[in-house]
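Overview (structure and organization)
Residue-level listing of the chains:
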Amino acid sequence: MKSSGMKRGLAAVAVSALAVVGAPFLATSASATPLADQIDTSLGSDQVVLYTPYGCCVSIKDDGQNTTASLLASAGSDVTSVVFQYSTDSGTTWTDIGSPVARNADGVFGAEWANPPANLTHVRAVGGPGGDTAQVAIPFVPDASDAVEMSSEGNLGVFQAPYTGHDGDYVGIRGTVSDGGDVFATWNMSDGHPAFPGVNATEHAQTGADSWDAVLDITGYPYSAGAEVNQVVFGSYTNQSHDAEGSTLYVQEIGSITATPSSVEVANDAATSTTLTVKDTTGKPVAGAEVGLADLDTDGAGPDTDGPDTIVGYTDGNGEIVADVPSPSSGTYTYFVNTTDNDEYQSAVDKATTFTVTSYTPVLDKVDIVNNWGRSNVDIDELSDGDDFTVVTLDQRGNGLNEDLAGNDVEYRWVFDPSGAGATTTTAWFGGETNADGEFDVPAPTDAMAGGQLPEGDYTLEARRPNVGGAGLKNAVPETFAASESEISYQEDASANAPVNGSFTVNANLANDGGGLGGREVHLTYSPDADSAFAPQASQPAGVTRIDATHATVITDADGDFSVALKDPAVPPNVTPTPEDGTLNALAYEGKGDGTSLQGDLGPNDPTDANQPANAEQDLAIHFIVQPEATDITVDTDALYTEGGGQYGPGRPADLDITVFGADGPDAGTDPDELQDFPVTVSVDKGFLSPNAESAGDLVLADGHDAAGDLWGFFENLGTEVQTSTGDDAEAGAVAAIERDPGFDADGLSQMTVTVKAGDVTKTVTLDLDARDPINTPEIALDRADGEPTGKVTVGKDLEFNLWAHDQYGNVVGDQFARISDDSTVADFDTDEDFDQTLSDFTTSTPGIVAFSDAPATQVLTAEMQQQKTVVDDAGDPTDTYPTTMTDSAPITWVKKTIEVQLKGKDNGGKDDVLTVDGPKSAAGATVKLYKVKADGSKKLLKTSTLNGKGNKQFTVNDKNGNDKTKYVAKVSATDTTKKATSNKKSVR
């Protein structure tokens, strides 16, 4: 068997570094191999090696993991930090890229670069303290076609394969690449150059960026025999960008093989496959491992007697190989990974996995319509590409079934119900053929199907398996959705003013008649007349991917909202700011990476200009200007929900109308200086802010609380601070709302402070909040007051209760009228209001309900209160429902009092013994018996009487034993309110 040329059998922690970037091969395996040592030997201890960027370009296109450019360097042992720098004038001047970075555990210095300049010419790495520099001439590609990222840095295993014809020292690396890019992987990178030929990586197509993996054979690279770390740099390239990562290697030992069959239950012995994964003893994937299919003897115990085993291949960079299961596929299969050069399965040393595939005869069970995007509201133009719906025929196991009928496998039709004038149109049935998986992609509806242009309204797709050979129809559940034209609208309307040499965030919304369209990708193009640009990625709102200075994409949120940040670079203090203009263009597409635009009106991509007043492409003129000075702010507030009163409180938000005034101020007669497009910041000290609204019907309801029948009053939460603008109408707006606030629990009152900032001016407004008129009271609770007993209650005691009411947010709602009743003819209750009424409590209230009883009894107190209920109607507006009664009950068990009785007496020699029984006043009238306790413990009744009104009784007993002691005990019988009791034993002389 051929040797790999590498030392074998070293412990993983003792295997030393591979020769690496910028360093030649080490002469012997005893040489030290950390990167710093290699560079010391080959270049010098103060030298710096720049691994990336390398090649053609610097790109920050989305590579599936980030939108940054990777920077990587290493250096000799004198260098303790590296700062990366860039130049835009061919190296005349340099600008730092962030702060200096330290050497990591893999011997390299690394950083991610989010905002390369468009006029980039050079990048360099400068060692510190006093280290050398390494630089590369490289341009920035604003719209790079490919970008690559590795994801296998850190500890990496090297597998020393022992197989004849496939022996080598294999390392698996992996990563992601922007859609369509080819990846080339290598190792032992030199200063800007790969030292050895690499390999073409295997790509795996995914939505958006693809994943990739590669197996690199590093045979011939010597290890250290000492305890030094094994450090190496691996690289990956596309045609326009590159990435590199440092790694520390260890020798792998095969630990396991697992199988993931694509199916263990197949129809008619159909072909299937399995993914086989090999991992080492630490659970990491093993690349280059040999995998086979065992041909075991009939009892499965081995050794192999029935025939030779089959080698199916070698694992990829993810430690995986996909193998076809032999045909016919039903049966039990054992796959193994060889740990030696013996191609036959050896159960004692090889690792194996077994699974069974069964076969069944499929029959049609159901027909489904799959809504591929999962959307109930779409732009009509999204239907134009035919990727929205798939009809699937399924068998009894839920697997796709291609019946391959003599005629059409499936049929479908459309029902168009216009929202405006016009009758409902039902198309004829159209036929389709399913693929091998039982799937048929429904073609896009056309204008001709609707008898004209596709209407705005409700669309229903129906599908069925036709009646073939008398088998009968099989209908799918119809899929209904709303369709209309969408439009992009900017919060700033058609134009916006931004601060010169400052930052500005554009806020916009994509919506149609059915509301906001979430999950759509908006392509943003900015055309400046100077140097303003999209802000760096780190400054962008959620969902934004900055491609370059003038291009970005953003995914709309669930409400169709999106934002993007722009920045006009700052100038030195001695430079006069120069205003500039720019135009932002936004064009919406069906989804991330989808090429179907929503542009057009009343038909997919309608080319007629007259049909495009509402299209999902919109421009915004942006003016970076020297901001006028704000001198004053007015904030007008108004209640948006006025049923039951116009107060502010939970479910009763405040509309904030904000005007910013310039030099003339608000008191300039008929011509006040109201500032347009002026940035405004609104914040609240409690509660939250919601999108601007001018009526209750305009309020934006929160997700999950916006369906008909939901409790009304949960609004979209934008947080406690929002950035907005006075817009073209010179008025900014927001909604201040509150839900749960512990401050309401004490008395139903609280306050919210609204702070508005514009320029150097700040205005605060205090909103008085009142929770005592709730829009929803879903529950009440009748609870025993704090400190009261939790179980049975002794008669004669007062038992106090609190009545709690809560609104839909959990706030305590006091001062709500309720009626109290009970079911007992023995026990009774009282309330703090007339006619058995009470008010619900606050946390500071004293209990208003008291129950009592003079005799044992069971009693159930019941509280009744009219429920306030306001729900969402079909239009999303609030509507009151018919009032119902809320009730809560509290059971009470009244029990007799447990009493204590004491027997007292004094020694008096030979005189009569005088005994006194002391009991509680509550036991008055109870029968009391006095006993003599004999020496054997038995008792002799001496006298019987009755406790007086104070619960006492004195007995006189003739003394018959002189100076000897006599022991006595008393027993008191039960009364209507007290339990029986036995006294202490008392001896007297």
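No experiment lies behind these values; they were computed from the predicted model shown. (Residues numbered from 1 in each chain as written. Predicted model: local features only at pLDDT ≥ 70, side-chain atom pairs only at ≥ 80, totals over all residues. Heavy atoms only, no water.)

**Observations concerning the overall build of the protein**
When helices and strands are counted, the protein shows two helices and 73 strands. Counting contacts in the protein only where the partners sit at least 6 residues apart, residues at least 24 apart contribute 70% of the total. Counting 55 positive and 155 negative side-chain charges, the protein places the averaged centre of each group 32 Å from the other. (Helix = DSSP H or I, 4+ residues; strand = E, 2+ residues; numbered from the N terminus. Contact = heavy atoms within 4.5 Å. Lys, Arg positive; Asp, Glu negative; His and termini not counted. Charge placed at Lys NZ, Arg CZ, Asp CG, Glu CD.)

**Re helix α1 (residues 35–42)**
Among all positions in α1, only Leu35, Ala36, Gln38 and Ile39 are buried. One face of α1 carries all of its buried residues, which in axial projection span an arc of 160°. Looking at the buried positions of α1, the neighbouring elements they touch are β1 (48–52), β2 (69–75) and β16 (231–237). After α1 finishes, the residue Gly44 shows a positive phi value of roughly 130°. (Buried < 20%, exposed > 50% of the residue type's maximum accessible area, 1.4 Å probe, protein only. Arc of directions from axis to C-beta.)

**Observations concerning the nonpolar core**
Leu656, Val682, Val754 and Leu767 are the most contacted members of the largest nonpolar core, which totals 30 residues. Breaking this core down by element, the ones donating at least two residues are β47 (632–639), β48 (654–661), β49 (679–684), β52 (732–737), β53 (749–758) and β54 (761–770). Filtering out sequence-adjacent residues up to four positions away, Leu656 remains in contact with Val635, Asp636, Thr637, Val682, Leu689, Asn692, Ala732, Gly733, Ala734, Ala736 and Val754. Leu510, Leu517, Val544 and Phe562 belong to the second largest nonpolar core, which has 27 residues in total. (Core = buried A, V, L, I, M, F, W, Y, C linked by side-chain atoms within 4.5 Å.)

**Considerations on the sheet that holds β53**
Ordered by their spatial adjacency, four strands build an open sheet running β51-β49-β53-β54, and the pairing between neighbours is antiparallel. Strands at the two margins of the open sheet, each flanked by one partner only, are β51 (721–725) and β54. Shown here is a sheet whose adjacent strand axes are inclined to one another by a mean of 20°, direction ignored. In the sheet, β53 pairs with β54 via 10 bridges, with the strands oriented antiparallel. When the bridges of β54 are listed, Val754 appears paired with Val765. (Pairing = 2+ DSSP bridges. Axes fitted to C-alpha atoms, helices over the stretch in contact; angles between N-to-C directions.)

**Regarding the pattern of salt bridges**
Evaluated as defined, the whole model comprises 14 salt bridges. Across the pair Arg520 and Glu382 runs a salt bridge whose closest N-O atoms are separated by 2.8 Å. Of the two residues, Arg520 sits in the loop between β39 (515–516) and β40 (521–528) while Glu382 sits in the loop between β27 (377–379) and β28 (389–395), which places them 138 residues apart along the sequence. Note on accessibility: Arg520 and Glu382 belong to one class, buried. A salt bridge links Arg652 to Asp773, with the shortest nitrogen-to-oxygen separation between them at 3.3 Å. Taken as a pair, Arg652 in the loop between β47 and β48 and Asp773 in the loop between β54 and β55 (779–784) lie far apart in primary sequence, 121 residues in all. Residue Arg652 is classed as buried on the basis of its relative accessible area, which comes to 3%. (Salt bridge = Lys/Arg side-chain N within 4 Å of Asp/Glu carboxyl O.)

**With respect to the side chain of Ser983**
Tracing the chain through its elements places Ser983 in the loop between β72 (981–982) and β73 (986–988). Contact partners of Ser983, with chain neighbours within four places excluded, come to Val901, Gln902, Leu903, Val969 and Ala970.

**What to know about the packing of aromatic side chains**
Counting across every chain of the model gives 18 aromatic pairs. Between Tyr333 and Phe355, the ring centres sit 6.0 Å apart and the planes meet at 40°, which makes this aromatic pair tilted. Placement of the pair is Tyr333 in strand β24 (residues 331–337) and Phe355 in strand β25 (residues 351–360), with a sequence separation of 22 residues. Accessibility expressed as a relative area gives 9% for Tyr333, which makes it buried. Looking at Phe355, the relative accessible area reads 9%, which means it is buried. With a centroid separation of 5.2 Å and an interplanar angle of 70°, the aromatic rings of Phe714 and Tyr809 are classed as edge-to-face. Of the two residues, Phe714 sits in the loop between β50 (688–690) and β51 while Tyr809 sits in the loop between β57 (799–806) and β58 (817–822), which places them 95 residues apart along the sequence. Accessibility expressed as a relative area gives 14% for Phe714, which makes it buried. In this structure Tyr809 comes out as buried when scored by relative accessible area, which is 11%. (Phe/Tyr/Trp six-rings, centres within 6.5 Å; stacked < 30°, edge-to-face > 60°.)

**Some thoughts on the sheet that holds strand β23 (residues 320–324)**
The strands making up a sheet are joined through hydrogen bonds of the backbone, oriented either antiparallel or parallel. Spatial strand order, β18-β20-β23: three strands in an open sheet with antiparallel pairing. Because the sheet does not close on itself, it has two edges, and the strands there are β18 (254–261) and β23. Across the sheet, the axes of successive neighbouring strands diverge by a mean angle of 25°, strand direction being ignored. Bridge count for strand β20 (residues 273–280) against β23 is five bridges, and the pairing is antiparallel. Across the sheet, Thr274 pairs through a bridge with Ala323, a residue of β23.

**Some points on the pairing of strand β8 (residues 133–137)**
Looking along a regular strand, one sees side chains alternate from face to face of the sheet. Taking every second residue as pointing to the same face, the buried face of β8 carries Ala134 and Val136, while none of Thr133, Gln135 and Ala137 on the other face is buried. Relative to β8, strand β7 (residues 122–128) runs antiparallel, the two sharing five bridges. Among the inter-strand pairings, Val126 is bridged to a residue of β8, identified as Thr133. Between β7 and β8, which pair antiparallel and follow one another directly, the connecting turn spans four residues, one of which, Gly130, has a positive phi of 75°.

**What to know about the pairing of strand β42 (residues 544–548)**
Counting buried positions along β42 gives four out of five residues, so the element sits mostly inside the fold. Bridge analysis of β42 against strand β43 (residues 551–555) gives four bridges, and the strand direction is antiparallel. Pairing of Asp548 across the sheet is with His551, part of β43. The turn linking β42 back onto β43 is made up of two residues.

**Structural notes on unusual backbone geometry**
The phi torsion of most residues other than glycine is negative, and most of the peptide bonds are trans. Put simply, Gly128 and Pro129 share a cis peptide bond, and its omega is -5°. One can find Pro129 in the loop between β7 and β8. Omega for the bond connecting Ser327 with Pro328 falls within 30 degrees of zero, at -5°, which places this linkage in the cis form. Following the sequence through the fold, Pro328 ends up in the loop between β23 and β24. Although it is not a glycine, Ser90 adopts a positive phi angle of roughly 60°. With respect to the helices, strands and loops of the structure, Ser90 is situated in the loop between β3 (81–87) and β4 (95–96). Owing to a relative accessible area of 52%, Ser90 belongs among the exposed residues under this scheme. Of note, the phi angle at Asp493 is positive, near 65°, even though the residue is not glycine. On the secondary structure map, Asp493 appears in the loop between β36 (487–490) and β37 (495–499).

**Structural notes on a positive patch on the surface**
A contiguous patch of positive charge on the surface is contributed by Lys939, Lys967, Lys971, Lys980 and Lys985. For Lys939, the location among the structural elements is in strand β69 (residues 939–946). Overall, the relative accessible area of 40% leaves Lys939 in the partly exposed class. (Patch = residues over 30% accessible without salt bridge, like charges linked within 9 Å, V, L, I, M, F, W, Y side chains within 5 Å. Areas by Shrake-Rupley, 256 points an atom, 1.4 Å probe, with all protein chains shown as cover.)

**Some thoughts on the confidence of the model for the protein**
Mean pLDDT for the protein: 87, with 91% of residues reaching 70 or above. Mean pLDDT across the secondary structure elements of the protein bottoms out at strand β12 (residues 184–187), with 74, and peaks at strand β61 (residues 849–852), with 98. Between residues 1–32, whose pLDDT stays under 50, and residues either more than four places distant or in other chains, the model counts 124 contacts. Note that pLDDT drops below 50 for residues 298–305; the model gives that stretch eight contacts with residues more than four away or on any other chain. (pLDDT = per-residue confidence, 0-100.)

**Focus: a negative patch on the surface**
A surface patch of negative charge is lined by Asp493, Asp636, Asp638, Glu674, Glu694, Asp698, Asp729 and Glu731. Tracing the sequence through the fold places Asp698 in the loop between β50 and β51. Assessed through its relative accessible area of 41%, Asp698 is described here as partly exposed.

**Topic: the environment of Ala205**
Its place among the elements puts Ala205 in the loop between β14 (202–204) and β15 (210–217). Each C-alpha atom of the pair Ala205 and Gly292 lies 27 Å from the other, and the pair is 87 residues apart in sequence.

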